[in-house]
Amino acid sequence: MAELSGKRALITGGSGGIGAAIARVLAGHGVDLVLAGRRRAGLDEVAAACAGRVRVTTIVNDLGAPGGAERLWTEARGQGPIDILINNAGFGYFRPFERVEWARDAELLQLNILSLVELSRRFVADRLPAAAPAYLVNIASLAAYQAVPNMAVYASSKAFVRNFTEALHDELRATPVRVTCVCPGGTETNFHAAAGAGDYGWLANASMMSADAVARIAVDAMRKNKRNVVPGLLNKLAAWSIRLVPRRIASLSSSRVLGAPKAAALPERSVP
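What counts, and at which threshold
Along each chain, numbering runs from 1 in the same order as the chain's sequence is written. Confidence filtering applies because this is a predicted model: local features only for residues at pLDDT of at least 70, side-chain atom pairs given and counted only at 80 or more, and all residues used for totals across whole chains, interfaces and linings. Water and hydrogen atoms play no part in the side-chain values, which are based on all heavy atoms of the structure. Any pair of cysteine sulfurs within 2.5 Å is marked as a disulfide. Note on exposure labels: buried denotes an accessible area under 20% of the residue type's maximum, exposed denotes more than 50%, and partly exposed covers the range between, all computed with a 1.4 Å probe on protein chains only. Just to be clear on terms, a salt bridge is a Lys or Arg side-chain nitrogen sitting within 4 Å of an Asp or Glu carboxyl oxygen. The way it works is that DSSP assigns letters per residue, a run of H or I at least four long becomes a helix, a run of E at least two long becomes a strand, and they are numbered from the N terminus.

**What to know about the state of the cysteines**
- Going through the model one piece at a time under the given rule, you end up with zero disulfides.
- With no disulfide of its own, Cys-181 lies 3.8 Å from the sulfur of Cys-183, the closest cysteine sulfur.
- Taking the relative accessible area as the measure of exposure, Cys-181 reaches 0% and is therefore buried.
- A relative accessible area of 0% places Cys-183 in the buried class.

**Points about the pattern of salt bridges**
- Within the structure shown, the criterion is met by 13 salt bridges.
- Across the pair Asp-126 and Arg-77 runs a salt bridge whose closest N-O atoms are separated by 2.9 Å. Here Arg-77 lies in helix α3 (residues 68–78) and Asp-126 lies in helix α4 (residues 102–127), a separation of 49 residues in the sequence.
- For Asp-126, a relative accessible area of 27% gives the class partly exposed.
- Taking relative accessible area as the criterion, Arg-77 reaches 29% and is therefore assigned partly exposed.
- Here Asp-83 ties to Arg-127 by a salt bridge, and the two come within 3.0 Å at their closest N and O atoms. Pair noted here: Asp-83 is in the loop between α3 and β4 (84–87) and Arg-127 is in helix α4, with a separation of 44 residues, a long-range link.
- Accessibility expressed as a relative area gives 10% for Asp-83, which makes it buried.
- One continuous salt-bridge network, built from bridges that share partners, spans Arg-162, Glu-166, Asp-170, Arg-173 and Arg-227.

Take a look at the structure:
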């Protein structure tokens, strides 16, 4: 991956999970890092794991708040060019729609869609005049392929991310900006507990992947300028087979795979 050495990457949701795993992979290939997230302790931990090999900057920022994307981009870009943008930050909940207050859904849409689009726009506008390759990676989800009861807003937001990113890939094909969508299935992070999920059926548990494995696949897909990648064989089969059944059946099937929401109170926002 010599072509990545010396580049500078901004990773949102960099304090844990897939974002932290991608940071470690990129650091291993000589990419300087700007890690953004809400949790100072998590950012510092990831930075410490990557330090020594590359330069690491951390920025505490809330992309779920209006204006968060502009503040993050201004601070990150003000310290140097951004060659790689990993839009990983996001959260979801596993609850019936009517049991969640509007403020939570508004925050979800701000983070999962509006901030992602704004950062993508600022990155593309900044990189198009340059001749050197630049990379934009948006993290969607296997949920982007179908309706998911009890995750109606989250799954819909990820369907937006998938369609938006694939369209950008096609629009920018002839430019130096390479755009990739990554659609992980279940990943071993604390997303599930924080979302109030986890009583999964055997198929969901069997297809669960480590964050490190997802990160390696994501970075490889980025380098190869893939339009879309679904990590994991079982997840690939699920994404393909959904096309063969009526949408209503696919939606009902997801309820059986994911099980019922846990009875505990709605948790705090998922930690990136």
